[in-house]
Each structure stands twice: as structure tokens, then as C-alpha cells.
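Given next are the chains, with one letter for each unit.
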Amino acid sequence: TAAVCEEQGADAILIGGSFLLSTNFDRMVQEVKQAVDVPVVIFPGDTSQIAPAADAILFLSLISGRNPELLIGQHIKAAPLLKAHGIEPISTGYVLVDSGQQTTTEYISNTRPLPRNKPEIAMAHALAAEYLGMQCVYLDAGSGPAKMVPEEMVLAVSEYTSVPLIVGGGIRDPEAARKRVEMGASFIVIGSVFEDRGWDAGFIGGFADAVHQSRG
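This write-up is about the structure you can find in this document. One numbering rule holds for all chains: residues counted from 1, following each sequence as written. Selection of residues for local features in this predicted model requires a pLDDT of at least 70, selection of side-chain atom pairs for listing and counting requires 80 or more, and totals for whole chains, interfaces and linings are taken over all residues. With hydrogens and water set aside, each side-chain value is computed from the structure's full complement of heavy atoms.

Some thoughts on the pairing of strand E5 (residues 136-140)
What counts here: Relative accessibility decides the category of a residue: with a 1.4 Å probe and only protein chains considered, values under 20% of the type maximum give buried, values over 50% give exposed, and everything between is partly exposed. A run of H or I in DSSP counts as a helix once it spans at least four residues, and a run of E counts as a strand once it spans at least two, with each numbered from the N terminus. For two strands to be treated as a pair, DSSP must find at least two bridges joining them.
The buried count for E5 comes to five of five residues, which makes it a mostly enclosed element. Side chains Cys 136, Tyr 138 and Asp 140 of E5 all project onto a buried face; the interleaved residues Val 137 and Leu 139 project onto the opposite face, where all are buried too. The pairing of strand E4 (residues 88-96) with E5 spans five bridges and is classified as parallel. Bridge assignment links Tyr 94 to a residue of E5, and that residue is Tyr 138. As paired strands, E5 and strand E6 (residues 165-168) are joined by four bridges and run parallel to one another.

Written out as C-alpha cells, the structure reads:
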């Protein structure tokens, strides 16, 4: 699957999640790393999702919530492991946005998402992340959500901050991806739609083309 994504233009492979049943995370990362040349980046739900073979990890701080364990607690446990394994941490302000239904991320993290109709709240959170020295901001509607992060919110945050903006959650067609890049997203994360529709090379390539062409 990762190899097909790379062949079709994916810029990186993210591995992880808020809830995993598998116990072979380290092996999965190793095998994906051997299969592709693009960066393999951990998108962690907790400290159990750290694998030495990864190129980097999104060092996520769930700034949209007020759960101290996900603001700093897990980070303290993870930092020595990342240093020991030589994994590059990418400091990321993680913002969960309301998607119209409760997602796994919301339930597991025990936090409330930001209201989707109030972009100014997302703007303030993203700016705070930038001022705290975080390298990027991630607006996410969660895994398999009913609604995507609104275009208006993407535009508002991208214009208000200067760090790279990642957008994901519920993006199910290339046009939706293209619009969010045009609104200022630096990176688009796609996952659930491929799991639902199958990893068809042409379908994956359509997303990659839409993102890259919109970047100019």
C-alpha cells in the first residue's frame, strides 16, 4: 500500500492512530520504511507508537483540548525515547475540529473539538502554537468524520499564522483536497477514503495531482 502511494505521488507516509488493536507497530514501520523512499512519519496516539525505523514523528500537542496528558504528559515520556532512537520530532500544534459526530480521536483523547463555525477560535489556538515555537499546526476533523475542516477555517488560520498548516479528516475526493490547498494548507492528509474505496493507484494519484498542481 505504501509503495503504491509513493508511486502515485505521495510526499510522505504517516503511520499511527488514536486507537490501535495491532501489537506489531514497530514491525509495520520497519517494513514500510523498507518499501518506500519517501519519509515515513509517525502520527502517534500515545508513547506506544514509537518505532526506531521511522524518519520522524509528529510531536503532537493537543492544543484544542485541556487534557494535560496530551498537552505535555505523553511528551515527557516520549522525549528520551526519541532522543535515544534518533527520531526527528516535528513539534505540532494539533487542533481537533468538530466534524458533526463524535470521532475516535475525540473519545480516546477525552477532549472537546473546536466549533467548526468559529474560525477565530482556531486562529487563536494556531497563533498560540506558533508563539510557543511549534513548527506546524494540524487542523483535523478526526478519522472518518461526517464533515471536513471547513475551507473558511483553513483560509483564516493560514492567513493568520506563518507556520506550515496540515489539514486532514474526511477529505474524500481530489477536489476537496485541492480547495484546501488553495485556502492555504501546506499538507493534506488522506487515509479513511482509501481504506473504504480500496487502494486504487489512479484514485491515489488523483489526490496527489490535485495537491501538487494547486501548490503551483
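Here's the deal with the side chain of Thr 92
Where we set the bar: We call two N or O atoms a polar contact when they sit within 3.5 Å, provided that within protein one can donate a hydrogen and the other can accept it, with sequence-adjacent residues counted only if both atoms are side-chain atoms.
By the secondary structure assignment, Thr 92 is in strand E4. The buried category is assigned to Thr 92, whose relative accessible area is 0%. Within polar-contact distance, the side chain of Thr 92 engages the backbone oxygen of Ile 90 at 2.8 Å.

Regarding the nonpolar core
Short version of the rule: In this description, a nonpolar core means a group of buried Ala, Val, Leu, Ile, Met, Phe, Trp, Tyr and Cys residues linked to one another through side-chain atoms lying within 4.5 Å. Working rule for contacts: check all heavy atoms of both residues, and any pair within 4.5 Å makes them a contact.
By size, the foremost hydrophobic cluster in this structure holds 50 residues, and its most contacted members are Val 137, Leu 139, Val 149, Val 157, Val 167 and Ile 188. Filtering out sequence-adjacent residues up to four positions away, Val 157 remains in contact with Ala 122, Met 123, Ala 126, Leu 139 and Leu 165. Counting twelve residues, the second largest nonpolar core, distinct from the first, contains Val 41, Leu 60, Tyr 94 and Ile 166.

The quantities given are spatial measurements derived from coordinates; they are silent on function.
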